[in-house]
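# Remarks on the overall topology
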Amino acid sequence: MTTILFKNAKVFTGKNTDFEAIDFAVDTESGRFINQETKAADKVIDLKGKYVMPGLINAHTHIVLDPFFKIGGLSSVNAVKTGAVVNTYIAVDNLNKLLKNGVTYIRDVGSSDNIDLQLSKLEKENKITAPGIIGSGPALVMTGGHGVELGLESDGVDEIRKNARTNIKNGARNIKLMATGGVSIDGETPHDIQLSVDEMRAAVDEAHHKGYTACAHAQGTEGIKNAIRAGVDSIEHGIYLDDEAIQMMLENDTYLVPTLMAPWAINQHPDKLPDFMVKKSLAVQEAHIVSIGKAAKAGVKIAMGTDSGTAYNDFENGSSEELEHMVEAGLTPLQALQSVSVNAAELLKIDDYAGSIEADKLADFIIIEENPLENIKAVQGDKIVYKKGKKVE
């Protein structure tokens, strides 16, 4: 057993409310944090002047997509048509980018060819070095619905139930549902109602029976409420939240995954994207920011997610930039750090082994130069990343 003692850092464990002087130790063989006396460590690393926090958890990614269209076309339709081999190459490249930039766990919420599920298994078995993955496989969508390119078309309660069971059989630990239309597809709006309450509830029941989770792409107000009524664990995007929807989330302990990066990234590149997409994205941005701020102030549990893979929404910087957008929307810096650590871990049901710095949990952490509670942009700066107790090179 090789043990490393890290000394003199200021540490946000995920469970404290400020960076504190805490020494911590890692067993590089098990890849876990351990209780360790100074004299017994094989190696000591002095982190004086540095700040340490749990590795970032991104609860909303699409690793098979190339946000810059270098392989594929201007939409997920063309990107997915490149086939399983190319999409796997894209996914592995995206995972490497995430890990090097401090993301040590993800939830992927719409993949092709079960690529996320197979890579998740390989990572668990230590066959690849990558962020841990809670995979969803293909999203469940109505025929012709939002995200059909990364989805299984499913109509009616029986078909939804069958497809949810199939995803779980294939290794899904989350079921992704499409409650509304969206921004990136032509011919629909974020307000469109798509899967019904009964359809979504059938999928939620299947996930919950196994102890897994279900989440819903839900942008318009009524679709958000339908998804909450169906019992989903998290609302993805939540663009048009009204007071009733926020109250329903509080009463049902429903998490919110904002993905503020998604419209922001589109809006930075209006000349390179289809008019319909830019027009819808510009229309939702302000309402989205207001909704997230209101939810945070009300005490809705928030987990960080970026929707990485959508247009110009990158895997390198998006996760740390999302925290900045969340703070600008009204989260406190502490809420932002909790969203990317303990909250996200609880949502993904990995909190018994990830999401905080404490003994027996995975030694996933980042070392940064400044205190992000004083300046949230500190997470965007230079960082050293450890995954399962090993430094990421």
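Now for a description of the structure that goes with this document. (Residues numbered from 1 in each chain as written. Predicted model: local features only at pLDDT ≥ 70, side-chain atom pairs only at ≥ 80, totals over all residues. Heavy atoms only, no water.)

So, about the overall build of the chain. The secondary structure content of the chain amounts to 12 helices and 19 strands. Whereas a compact globule of 393 residues would reach a radius of gyration of roughly 21 Å, the chain reaches 20 Å, a difference of no more than 12%. When burial is assessed residue by residue, the chain has 59% of its 393 residues classed as buried. Within the chain, contacts between residues at least 6 apart in sequence are counted, and of these 69% link residues at least 24 apart. Summed over its atoms, the accessible surface of the chain is roughly 15300 Å², and 47% of this surface lies on carbon and sulfur atoms. Treating the 40 positive side-chain charges of the chain as one cloud and the 56 negative ones as another, the clouds have centres 4 Å apart. (Helix = DSSP H or I, 4+ residues; strand = E, 2+ residues; numbered from the N terminus. Rg over C-alpha atoms; globule rule 2.2 N^0.38 Å. Buried < 20%, exposed > 50% of the residue type's maximum accessible area, 1.4 Å probe, protein only. Contact = heavy atoms within 4.5 Å. Areas by Shrake-Rupley, 256 points an atom, 1.4 Å probe, with all protein chains shown as cover. Lys, Arg positive; Asp, Glu negative; His and termini not counted. Charge placed at Lys NZ, Arg CZ, Asp CG, Glu CD.)

What follows deals with the pattern of salt bridges. Applying the stated criterion across every chain, the model contains 19 salt bridges. Between R201 and D198 there is a salt bridge, with its nearest N and O atoms 3.3 Å apart. With R201 and D198 both in helix α5 (residues 197-209) and three residues apart, this pair spans about one turn of that helix. R201 sits in the partly exposed class, given a relative accessible area of 32%. Look at D198 and you get partly exposed, because its relative accessible area is 47%. (Salt bridge = Lys/Arg side-chain N within 4 Å of Asp/Glu carboxyl O.)

Counting residues in hydrophobic clusters, the biggest one holds 70 residues, and the most contacted among them are M53, I175, L177, I235 and L256. Ranked by size, the runner-up nonpolar core spans 15 residues in total, among them V11, V26, L47 and I357. (Core = buried A, V, L, I, M, F, W, Y, C linked by side-chain atoms within 4.5 Å.)

What follows covers a negative patch on the surface. On the surface, D18, E20, E370 and E374 cluster together to form a negatively charged patch. For E20, the location among the structural elements is in strand β3 (residues 20-21). Among the residues examined, E20 registers a relative accessible area of 38% and is labelled partly exposed. (Patch = residues over 30% accessible without salt bridge, like charges linked within 9 Å, V, L, I, M, F, W, Y side chains within 5 Å.)

Strand order in the open sheet made by the three strands is β8-β9-β10, with parallel pairing throughout. Bordering the open sheet on either side are β8 (56-61) and β10 (132-134), each of which pairs with just one other strand. Here the strands of the sheet are splayed against their neighbours by 20° on average, with no regard to which way each runs. Pairing geometry for β8 and strand β9 (residues 103-108), over four bridges, is parallel. Each bridged residue has a counterpart across the sheet, and for T61 the counterpart in β9 is D108. Across the sheet, helix α2 (residues 84-100) lies against β9 and β10, angled at about 135° from β9, the strand it touches most. Across the sheet, helix α3 (residues 115-124) lies against β9 and β10, angled at about 140° from β10, the strand it touches most. (Pairing = 2+ DSSP bridges. Axes fitted to C-alpha atoms, helices over the stretch in contact; angles between N-to-C directions.)

Before going further, it helps to examine the pairing of strand β4 (residues 24-27). Residues F24 and V26 line one face of β4 and the alternating positions A25 and D27 line the opposite face, and both faces are buried. Direction of pairing for strand β1 (residues 3-7) relative to β4: antiparallel, over a ladder of four bridges. Among the inter-strand pairings, I4 is bridged to a residue of β4, identified as V26. Direction of pairing for β4 relative to strand β5 (residues 32-34): antiparallel, over a ladder of three bridges. Note that in β5 the partner of V26 across the bridge is F33.

Quick look at α5 now. For α5, with 13 residues, the first-to-last C-alpha span of 18 Å sits near the 18 Å given by 1.5 Å per residue. Every buried residue of α5 is accounted for by V197, E199, M200, A202, A203, V204, E206 and A207. Of the residues flanking the end of α5, it is G211, one or two places downstream, whose phi is positive at about 85°. (Expected span 1.5 Å × (residues − 1).)

For the rest of this paragraph, the subject is the side chain of N174. Summarising the element assignment, N174 is placed in strand β13 (residues 174-178). For N174, a relative accessible area of 0% puts it in the buried group. At 3.0 Å, the side chain of N174 and the side chain of S136 are in polar contact. Reaching out from N174, the side chain makes a polar contact with the side chain of T213 at a distance of 2.8 Å. The contacts of N174, once residues within four sequence positions are left out, are R107, V109, I134, G135, S136, T213, A214 and C215. (Polar contact = N/O pair within 3.5 Å; in protein donor to acceptor, adjacent residues only side chain to side chain.)

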